[in-house]
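Understanding the architecture of this molecule
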Amino acid sequence: MLSKRIIPCLDIKDGRVVKGIRFNELRDAGDVVALAHRYYEEGADEIAMLDITATVENRRTVAALIKEAAKSVFVPILAGGGVRTLSDFEMLLEAGADKVSINTAAVREPKILSDAAKLFGSQSVVLACDTRRKADGGYTVLVEGGKTDTGLELFAWLKESIERGAGEILLTSWDLDGTQQGYDISLLKRVSERFPVPLIASGGAGTAEDIAAAFLEGKVDAALAASIFHFRKYTVKEVKQFLKNKGLEVRL
Amino acid sequence: MIGVVHWGGNIGSLLNALKRTGAPFSLTTKPSEIEKMKRLILPGVGNFGAVMESLKKQHLIEILLNRIREGVPYLGICVGMQILLEDSEESPGIKGLSLVKGRCRRFIAKKVPQVGFNSVRSKSSLIENGGFYYFINSYYCDVKEEVSVATANYEGDFCAALEKANIFGVQFHPEKSGETGLKFLRKWCDAL
């Protein structure tokens, strides 16, 4: 049976791993290649490496770090952050990423999803989407690291992205990111049951219970988490053991 | 020397993994080089039709078929396994190498592609029975002869690996399957 994936996420700025709360108040969380390797050894199923500054300079740094990490990390690497063009996409794949996530650029010019899917295959195109709950209970799509509200309705946008060729969705709840208060389970469940591609939960994991809930109740395929691993609340292995005890299929 | 047939696509991960196994290998794109290789690997991230077209354009189909018929050990990874079959629902009208009877079919499942580590039931000594290997595929090999040596389940059983004389094919990506995957590569490189 296909196992549930745990994906530690490295947000990268100035060549270092950082982590904030709701995309702000960044704290240093360690060395990129060393952390990637540690998570690989602990049994991570994938490693996410995201450029959070979205500058050309940082993107090159991130590509170089991916290239270095890929020499000793033999699980898939998901890269992203600030990807604007097909050549950004290609640069990250060539550096050793297996998948690339696109966020703002896809909203600005959705054709990049279809072009990337055609060139590199849907399996390497991940739509990253930051979303915020509205007062009326709906969800809106944010871009530019959560700074800009596009006014797009989340479900309509996800539908379009998948039709254009996104092979996976990485959904981050802006309201909860970095808070360690748990994922937005009801939202995850609605998205997972509605759409025919794998869903990665992101934003808010504070405990192994939160991650178990994303799988058991939120019905997601993978869970991405940063804070709980960086600040050594749990090892990846401890989380996976917890999931196994809950009856979930995991690779240990 | 193991020849990694570079038809295009992203092969950095496989090269990193082969480096780790210590096996001597080189990238190859020319018939004259393929002629000399002791083993061949065809890596696979991509589309069935695109791979066949690319091999055709580089005039590699005939030399590949010749070498495989001569008995050189061949390892096809993911789409490198799929092109061993006759054709694929992914690329109607395009013929595969047709070394194995069968056709690649699209998964009928709630979510496609299949992405992640799946546990494999294996009767091959190269693949750990019960081990987890990384899959990322929308299509699988529906083989029509007795060549399947490992299966996995994705809302139904499918062929995870096939072996036919000197031909080996794996639907998973050993280069992305952690230490279990590296072990498979090491064993294949030493096996024959």
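Attention in this report is confined to the structure presented alongside it. (Residues numbered from 1 in each chain as written. Chains lettered and ligands numbered in written order. Predicted model: local features only at pLDDT ≥ 70, side-chain atom pairs only at ≥ 80, totals over all residues. Heavy atoms only, no water.)

1. Topic: the pairing of strand 5 (residues 77-80) of chain A
Note the following rule: Three exposure classes are used, based on accessible area relative to the maximum for each residue type with a 1.4 Å probe and protein chains only: buried under 20%, partly exposed in between, and exposed over 50%. To qualify as a helix, a DSSP run of H or I must reach at least 4 residues; to qualify as a strand, a run of E must reach at least 2; elements of each kind are numbered from the N terminus. By definition, the crossover connecting two strands over a helix is right-handed if that path, from the first strand to the second, turns clockwise as seen with the strands pointing away from the viewer.
Burial along strand 5 of chain A is two-sided: the face carrying Ile77(A) and Ala79(A) and the face carrying Leu78(A) and Gly80(A) are both buried. Handedness of the strand 4 (residues 47-51) of chain A-helix 2 (residues 56-69) of chain A-strand 5 of chain A crossover: right-handed.

2. Observations concerning the state of the cysteines
All names here are of chain B. What counts is decided by this rule: Disulfide: a pair of cysteine sulfur atoms within 2.5 Å of each other.
Tallying each qualifying case throughout the model produces 0 disulfides over all chains. The thiol of Cys141 is unpaired, and the distance to the nearest cysteine sulfur, on Cys104, comes to 4.2 Å. Cys159 takes part in no disulfide bond, and the closest cysteine sulfur to it belongs to Cys141, at a distance of 6.0 Å.

3. Points about the interface of chain A and chain B
Definition in use: In this description, contact between two residues means that some pair of their heavy atoms is separated by no more than 4.5 Å. The term buried area denotes the loss of accessible surface (1.4 Å probe radius) that occurs when two parts are joined, taken as the sum for both partners. The term salt bridge refers to a side-chain nitrogen of Lys or Arg lying within 4 Å of a carboxyl oxygen of Asp or Glu. Here a polar contact is recorded for every N or O atom pair within 3.5 Å, except that within protein the pair must consist of a potential hydrogen donor and a potential acceptor, and residues adjacent in sequence are included only if both atoms are side-chain atoms. We call Asp, Glu, Lys and Arg charged. Ala, Val, Leu, Ile, Met, Phe, Trp, Tyr, Cys and Pro are nonpolar, and the rest, Gly among them, are polar.
Between chain A and chain B, the residue contacts involve 35 residues of the former and 27 residues of the latter. Across the interface of chain A and chain B, roughly 2300 Å² is buried in total on both sides, 55% from carbon and sulfur atoms. Here chain A and chain B share 2 salt bridges between them. We note a salt bridge from Lys176(B) to Asp98(A), for which the minimum N-O separation is 2.8 Å. Run the count over chain A and chain B and you get 15 residue pairs in polar contact (both at pLDDT 80 or more). Tallied by class, residues from the side of chain A that touches chain B come to 17 nonpolar, 6 polar and 12 charged.

4. Quick notes on the packing of aromatic side chains
The test is simple: The criterion for an aromatic pair is that two Phe, Tyr or Trp rings (for Trp, the six-membered ring) have centres within 6.5 Å, with stacked assigned to planes under 30 degrees apart, edge-to-face to planes over 60 apart and tilted to the rest. Here, over-ring charges are defined by two tests on the NZ atom of lysine or the CZ atom of arginine: distance to the ring centre within 6 Å, and angle to the ring normal within 35 degrees.
This structure, assessed with the given rule, holds 14 aromatic pairs over all chains. With centroids separated by 5.5 Å and ring planes inclined at 85 degrees, the aromatic side chains of Phe135(B) and Phe158(B) adopt a geometry described as edge-to-face. Pair noted here: Phe135(B) is in strand 8 (residues 132-137) and Phe158(B) is in strand 11 (residues 157-164), with a separation of 23 residues, a long-range link. Judged by relative accessible area, Phe158(B) falls into the buried class, the value being 3%. We note Arg27(A) situated over the ring of Phe231(A); from NZ or CZ to the ring centre the distance is 4.0 Å. Cation over ring: Arg39(B) sits above Trp188(B), and NZ or CZ is 5.6 Å from the ring centre.

5. Some details on the sheet that holds strand 5 (residues 87-88) of chain B
Residue and element names in this part refer to chain B. Spelled out, the test is: Two strands pair if DSSP finds at least two bridges between them.
In spatial order, the strands read 5-6-9; together these 3 strands make up an open sheet with mixed pairing. The open sheet has two edge strands with one neighbour each: strand 5 and strand 9 (139-143). When strand 6 (residues 102-106) meets strand 9, the two strands line up antiparallel, connected through 5 bridges. When the bridges of strand 9 are listed, Gly102 appears paired with Val143.

6. Points about helix 8 (residues 208-216) of chain A
Residues and elements named next belong to chain A. Within helix 8, 7 of the 9 residues are buried, leaving the element largely enclosed by the surrounding structure. Three or more residues of helix 8 are buried, namely Ala208, Asp210, Ile211, Ala212, Ala213, Ala214 and Phe215. Of the surrounding elements, those touching the buried residues of helix 8 are strand 1 (5-13), helix 7 (185-194), strand 11 (199-202), strand 12 (222-225), helix 9 (227-230) and helix 10 (236-245).

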